[in-house]
Amino acid sequence: MRNKLLILAVLVVLIVAAVALQLRSGDRVDELASRELLSTEQLQQLAALERISLSRGDSRVELAQFDGNWGVLSHAGFPVQQERLAALLHALRGARVIEEKTSNPDHHARLGLALADSDNPALEVRLHAAGQDFGVVYGSPVGSGQLVRFVDTDQVLLINRPFNMSVNPTDWLALRVVDIPLTRVASARWEHADGEVLELSKQAEGDYNLQLDGLSDAEQGGNERWINSMVLALVNLSAQSVALREELALPEPLLRMQVNSWAGSELQASLYDIDGRYWLLMDSFSQAEEDSELQVNADPRWAYQIGIGQLEQLNKRQADIIRTP
């Protein structure tokens, strides 16, 4: 009886192994049946790209190399979001052709692959490297894949993954301007144009909550949220857009701000109102060695546009942050 059970167990193991091997072989056949969308030469060109353009109808964004860094052409070369750029290149490298479809250009419009279609223009991605250009047109999704064709060719291909990238230049801007954890902030100073000054500090390193200097604990109790939110609006700043400072007629600032870290880093910024639009300037940033993880784009060329909500958080006075008697 024991020998029969042992033989039965061995048979079960062999059957399971055979099924697994067959499934794996099937996957292997599918993998071998497909091929990379880009040729070896095109993959090499990706490593030497100088410019990328994405367009859909009248909407267009162009990315280009500036001194070794990628920037958005329509915004004077302001830095590109690295994560978005990496996703674009990864999608191009990883695309595989599952099946060849029609090569009749009369079907392009129906498949979402017609560039001149005013109702449903296709997404076109052009890549430029050392004088050698190529482009891919992306059309309708099919299941978990998508229909594509190369620019200037009619052959339609089905690839294994969808590709959907924004053609709005603002979406490509690296608008995360300041990233300083509030726990690293030791003190802050807000100076309004009319002379009102708010000075804030912490009692000990590692504390989260800032306190308004000159007030007792009882006076500040319950107001931590309003005090912290004012400083957080600067130290965790993501802008809405960006412009060259030289293009703005800057008046006197509404507000000057200063933030100091425990390690000795110092950020100075100022806030401006230009015809009802609000701009922040990073006037200076000195970074201590111990604060290497702090991120601030203090490039003096740029001014950062902020929204009304951000303005309301930044432009607070003592009456706004001390709300209890």
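An account of the nonpolar core is requested, with residue identities and associated values reported.
Judged by nonpolar contacts, the single largest core of 75 residues is most densely connected at Ile52, Leu54, Leu63, Trp190 and Met282. Of all the elements, helix α6 (residues 224–235) adds the most residues to this core, at 6 residues. Ala122, Leu147, Val156 and Leu158 belong to the second-largest nonpolar core, a separate cluster that totals 8 residues.

Could you give me a rundown of the pattern of salt bridges, with the residues and numbers involved?
If you walk through the whole model with that rule in mind, you get 13 salt bridges. Salt-bridge contacts for Glu62 lead to Arg51; the nearest nitrogen and oxygen are separated by 3.8 Å. Taken together, the positions of Glu62 in strand β3 (residues 59–66) and Arg51 in strand β2 (residues 51–56) put the pair 11 residues apart, joining distant regions of the chain. A relative accessible area of 25% means that Glu62 is categorised as partly exposed. We classify Arg51 as partly exposed; its relative accessible area is 32%. Here Asp194 and Arg317 are joined by a salt bridge, their closest N and O atoms 3.0 Å apart. Here Asp194 is found in the loop between β12 (185–192) and β13 (197–201), whereas its partner Arg317 is found in the loop between α7 (308–314) and α8 (318–321), with 123 residues between them in sequence. On the basis of relative accessible area, Asp194 is assigned to the exposed category, the value being 56%. One salt-bridge network, in which partners are shared between bridges, spans Arg51, Arg60 and Glu62.

Let's hear about the sheet that holds strand β7 (residues 123–129): which residues, and what values?
Strand order in this open sheet of 10 strands is β1-β6-β10-β9-β8-β7-β2-β3-β4-β5, and the pairing throughout is antiparallel. Both outer strands of the open sheet, β1 (35–36) and β5 (78–79), are each paired with one neighbouring strand and no more. Relative to strand β4 (residues 69–72), β3 runs antiparallel, the two sharing 4 bridges. When the bridges of β4 are listed, Phe66 appears paired with Asn69.

Before we move on, could you go through helix α3 (residues 82–94) and cite the residues and values that matter?
Between its terminal C-alpha atoms α3 stretches 18 Å, which fits the 18 Å expected from 13 residues at 1.5 Å a residue. Of all the residues in α3, the buried ones are Leu85, Leu88, Leu89, Ala91 and Leu92. Viewed end-on, α3 has its buried residues packed into an arc of 155 degrees, placing them on one side of the element. Exposed residues lying more than 90 degrees from the buried face of α3 are Glu83 and His90.

Please set out the sheet that holds strand β15 (residues 241–244) residue by residue, giving values where relevant.
Strand order in the open sheet formed by 8 strands is β14-β13-β12-β16-β17-β18-β20-β15, with antiparallel pairing between adjacent strands. Each edge of the sheet is formed by a strand with only one pairing partner; in this case those strands are β14 (211–212) and β15. One ladder, built from 9 bridges, connects strand β17 (residues 266–274) with strand β18 (residues 277–286); its direction is antiparallel. Bridging from a neighbouring strand, Ser270 pairs with Leu281 of β18. Across the face of the sheet, α6 comes into contact with β12, β13, β14, β16 (255–261), β17 and β18 while running at roughly 90 degrees to β12.

Give a description of the environment of Pro105 that names residues and reports values.
In this structure, Pro105 sits in the loop between β6 (96–100) and β7. Classification of Pro105 as partly exposed rests on a relative accessible area of 41%. Along the chain, Pro105 and Val156 lie 51 residues apart, while their C-alpha atoms are 8.8 Å from each other.

Any chance you could break down α6 for me, citing the residues and the numbers?
Along an α-helix, residues three or four apart share an orientation, since each turn contains 3.6 residues. The terminal C-alpha atoms of α6 lie 16 Å apart, and with 12 residues this matches the ideal 16 Å at 1.5 Å per residue to within 8%. Those residues of α6 lying buried are Ile227, Asn228, Ser229, Met230, Val231, Ala233, Leu234 and Val235.

Conventions adopted
Residues numbered from 1 in each chain as written. Predicted model: local features only at pLDDT ≥ 70, side-chain atom pairs only at ≥ 80, totals over all residues. Heavy atoms only, no water. Core = buried A, V, L, I, M, F, W, Y, C linked by side-chain atoms within 4.5 Å. Buried < 20%, exposed > 50% of the residue type's maximum accessible area, 1.4 Å probe, protein only. Helix = DSSP H or I, 4+ residues; strand = E, 2+ residues; numbered from the N terminus. Salt bridge = Lys/Arg side-chain N within 4 Å of Asp/Glu carboxyl O. Pairing = 2+ DSSP bridges. Expected span 1.5 Å × (residues − 1). Arc of directions from axis to C-beta. Contact = heavy atoms within 4.5 Å. Axes fitted to C-alpha atoms, helices over the stretch in contact; angles between N-to-C directions.

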